Amino acid sequence: MTDPAGAGPRFPLWQISRLRMATDGHGVTALVGSYGCPLNCKYCINPDSHGSGGNYRLVTPEELLELVKIDDLYYLATGGGIMFGGGEPLLHAAFIAAFRRIAPKEWNFYAETSLCVPETMLAAAAGSIDHFYVDVKDTDASIFERYTGVNVASSVLRNLSALLKLTGPDRVTVRLPLIPGFNTPEDVARSKALLSGSGVVNFDCFRYRT
Ligand code: SF4
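This one's a predicted model, so the numbers in the text were calculated from it and none came from an experiment.

Overview of the overall build of the chain
And then number 1: Of regular secondary structure, the chain possesses seven helices and eight strands.
And then number 2: If you line up the chain on its principal axes, its C-alpha atoms span 45 × 40 × 30 Å.
And then number 3: Sequence separation of at least 24 residues holds for 72% of the intrachain contacts in the chain that already meet a minimum separation of 6.

Here is the structure:
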């Protein structure tokens, strides 16, 4: 998103969750949530982050920095930083790149993403995010569509391959959830084998609580 005056990218901020530990990323992180998501997962963990009539505000990189630098000492002491989540944060890769340029160099940057974004966003994201948590859901196109309501599994997998080429495997963790009513442990194992063959080395396999 760009503001009407053309002053640069703005971010649809709907949530900041401070002082997170032992969730994802390293050290203490602030979760910065963007509004808007192209998917419609049946067990969405952040249903307030998308849909019509959303509760968010557009912020500039400088405004976001003001909001999150309050915990600078915690980020520095623990090797933590900022986790961009959603919604789908990589739709705002240009904003994230602009924010990283003005943020302290010692902060680490993470993103939770479905990779359901235009491929053109990936280079900017790879240049500004240290580690990606990619929620692939399931590699089977029909399971993916049934669960998310959108038929985009093949483009998500293409984006994952493109991201791995940009970052190398160490900077990507793929999440493969067991989704009750939608896939089975055998489906998760099949997805893991497929993605291992495509160069993924870090997996997070777990069961959704419904
Ligand atoms: S990708 Fe995430 S934010 Fe989007 S619908 Fe699915 S769970 Fe919700």
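Some thoughts on the site of the ligand
And then number 1: Around the ligand sit Cys-37, Leu-39, Asn-40, Cys-41, Cys-44, Ile-45, Asn-46, Ser-49, His-50, Gly-86, Gly-87 and Ser-114, and that is every residue in its neighbourhood.
And then number 2: For the shell around the ligand, the residue count by class is five nonpolar, seven polar and no charged.

Things to note about the nonpolar core
And then number 1: Ranked by internal contacts, the top residues of the largest apolar core, which has 51 residues, are Val-32, Ile-82, Ala-125, Ile-129 and Leu-163.
And then number 2: With residues near it in sequence (within four places) discarded, Ile-129 still touches Ile-96, Phe-109, Tyr-110 and Ala-111.

Structural notes on the pairing of strand β5 (residues 108-113)
And then number 1: Among the six residues that make up β5, five are buried, leaving the element largely enclosed by the rest of the structure.
And then number 2: Of the pairings in the sheet, the one linking strand β4 (residues 81-85) to β5 comprises four bridges and is parallel in character. When the sheet's bridge partners are listed, Phe-84 is paired in β5 with Ala-111.
And then number 3: Crossover β4 to β5 through helix α3 (residues 93-102) is right-handed.
And then number 4: Where β5 lies against strand β6 (residues 131-135), four bridges are found, and the strand directions are parallel. Residue pairing across strands places Ala-111 opposite Phe-132, the latter belonging to β6.
And then number 5: Read as a crossover between parallel neighbours, the route from β5 over helix α4 (residues 122-128) to β6 is right-handed.

Concerning the pairing of strand β1 (residues 11-20)
Along any regular strand the residues' side chains alternate between the sheet's two faces.
And then number 1: Here three bridges tie β1 to strand β3 (residues 57-59), and the two strands are oriented antiparallel to one another. Counted as the bridge partner of Leu-13 is Arg-57 from β3.
And then number 2: Pairing of β1 with strand β2 (residues 29-34), which is carried by five bridges, proceeds in the antiparallel orientation. By the bridge assignment, Ser-17 is partnered in β2 with Leu-31.

Overview of the environment of Thr-167
And then number 1: Within the fold, Thr-167 resides in helix α6 (residues 153-167).
And then number 2: The class of Thr-167 is partly exposed, set by 18 C-beta atoms lying within 10 Å.

Focus on the environment of Ala-98
And then number 1: With respect to the helices, strands and loops of the structure, Ala-98 is situated in helix α3.
And then number 2: Accessibility expressed as a C-beta count within 10 Å gives 21 for Ala-98, which makes it buried.
And then number 3: Taking the C-alpha atoms as reference, Ala-98 lies 8.6 Å from Gly-8; in sequence the two are 90 residues apart.
And then number 4: In contact with Ala-98, other than residues within four places in its own chain, are Gly-8, Pro-9 and Pro-61.

Topic: α6
Residues that lie three or four places apart on an α-helix share one face, since the helix turns once every 3.6 residues.
And then number 1: With 15 residues, α6 extends 21 Å from end C-alpha to end C-alpha; this agrees with the ideal 21 Å at 1.5 Å per step.
And then number 2: Of all the residues in α6, the buried ones are Ala-153, Val-156, Asn-159, Leu-160, Leu-163 and Leu-164. Considered in projection along α6, the buried side chains sweep an arc of 140° and stay on one side of the axis. Residues of α6 that are exposed and point over 90 degrees away from its buried face: Ser-154, Ser-161 and Lys-165.
And then number 3: Buried residues along α6 sit against α4, β6, α5 (141-148) and β7 (172-178).
And then number 4: Just beyond α6, the residue with positive phi is Gly-168, at close to 80°.

What counts and how
Residues numbered from 1 in each chain as written. Predicted model: local features only at pLDDT ≥ 70, side-chain atom pairs only at ≥ 80, totals over all residues. Helix = DSSP H or I, 4+ residues; strand = E, 2+ residues; numbered from the N terminus. Contact = placed C-beta atoms within 7 Å. Near = placed C-beta within 6 Å. Nonpolar A, V, L, I, M, F, W, Y, C, P; charged D, E, K, R; others polar. Core = buried A, V, L, I, M, F, W, Y, C linked by C-beta atoms within 7 Å. Buried ≥ 20, exposed ≤ 12 C-beta atoms within 10 Å, placed from the backbone. Pairing = 2+ DSSP bridges. Right-handed = clockwise from strand over helix to strand, strands pointing away. Expected span 1.5 Å × (residues − 1). Arc of directions from axis to C-beta.

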